[in-house]
Amino acid sequence: MANSSSGMAVKDECKLKFLELKAKRNHRFIVFKIDENTQQVIVEKLGGPEATYQDFTNSLPADECRYAVFDYNFTTNENCQKSKIFFFAWSPDTSKVRSKMLYASSKDKFKRQLDGIQVELQATDPSEMSLDIVKGRAL
């Protein structure tokens, strides 16, 4: 389905992998990339169930925009095991302006394709998506 504002389409694989993360817990994270040649959002990288948050952040390029989801497991103050699915809009300051605009204009439409996102974070720098910030947003 094309995005009317940016002409962006979402490959079915993106939705399928997200459903696997959400329902089957097959993946800890998914990194999505906009393929500028085909004008489609595609899956760039999958993190297995044993992947860590560090593995996830290391998967994001330092100078290119990406979308990503991360399944964050945590323990509440009441000692309950919980999980929240985070959506990340990664747009580093060093990325190209055209890329930032493309990702920004397509984000809401893409996010709506992924039913089950519980928390959204936008980051331009690794410090804006530190594990402490994720923990704080989860509780």
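Criteria and thresholds
- Residues numbered from 1 in each chain as written.
- Predicted model: local features only at pLDDT ≥ 70, side-chain atom pairs only at ≥ 80, totals over all residues.
- Heavy atoms only, no water.
- Helix = DSSP H or I, 4+ residues; strand = E, 2+ residues; numbered from the N terminus.
- Buried < 20%, exposed > 50% of the residue type's maximum accessible area, 1.4 Å probe, protein only.
- Contact = heavy atoms within 4.5 Å.
- Areas by Shrake-Rupley, 256 points an atom, 1.4 Å probe, with all protein chains shown as cover.
- Lys, Arg positive; Asp, Glu negative; His and termini not counted.
- Charge placed at Lys NZ, Arg CZ, Asp CG, Glu CD.
- Core = buried A, V, L, I, M, F, W, Y, C linked by side-chain atoms within 4.5 Å.
- Pairing = 2+ DSSP bridges.
- Axes fitted to C-alpha atoms, helices over the stretch in contact; angles between N-to-C directions.

### Things to note about the overall build of the chain
Okay, step 1: Counting its regular elements, the chain contains four helices and six strands.
Okay, step 2: Each helix and strand of the chain, placed in order from N terminus to C terminus, yields the pattern β-α-β-β-α-β-β-α-β-α.
Okay, step 3: Projected onto its principal axes, the C-alpha positions of the chain cover 45 × 30 × 20 Å.
Okay, step 4: Looking at the 139 residues of the chain, the share that counts as buried comes to 42%.
Okay, step 5: In the chain, of all internal contacts separated by at least 6 residues, the share reaching a separation of at least 24 is 61%.
Okay, step 6: Counting only carbon and sulfur atoms, one obtains 48% of the accessible surface of the chain, whose full area is about 7,500 Å².
Okay, step 7: Separation of charge centres in the chain, based on 21 positive and 19 negative side chains, amounts to 5 Å.

### Description of the nonpolar core
Okay, step 1: Counting 20 residues, the largest nonpolar core has Phe32, Val41, Tyr67, Val69 and Phe110 as the members making the most contacts within it.
Okay, step 2: Elements that contribute at least two residues to this core include exactly α1 (12-24), β2 (29-35), β3 (40-47), β4 (66-75), β5 (81-90) and α3 (97-113).
Okay, step 3: In this structure, phenylalanine 32 is in contact with Cys14, Val41, Ile42, Val43, Glu44, Arg66, Tyr67, Ala68, Val69, Tyr103, Phe110 and Leu114, ignoring residues within four places of it in sequence.

### Topic: the sheet that holds β4
Okay, step 1: Spatially, β1-β3-β2-β4-β5-β6 is the arrangement adopted by the six strands of the open sheet, whose pairing is mixed. Either end of the sheet is taken by a strand with one partner, and the two such strands are β1 (9-10) and β6 (119-123).
Okay, step 2: Both β2 and β4 contribute to a ladder of four bridges, which runs antiparallel. Note on β4: the bridge partner recorded for isoleucine 30 is valine 69.
Okay, step 3: Running at roughly 35° to β3, α1 makes contact with β1, β2, β3, β4 and β5 of the sheet.

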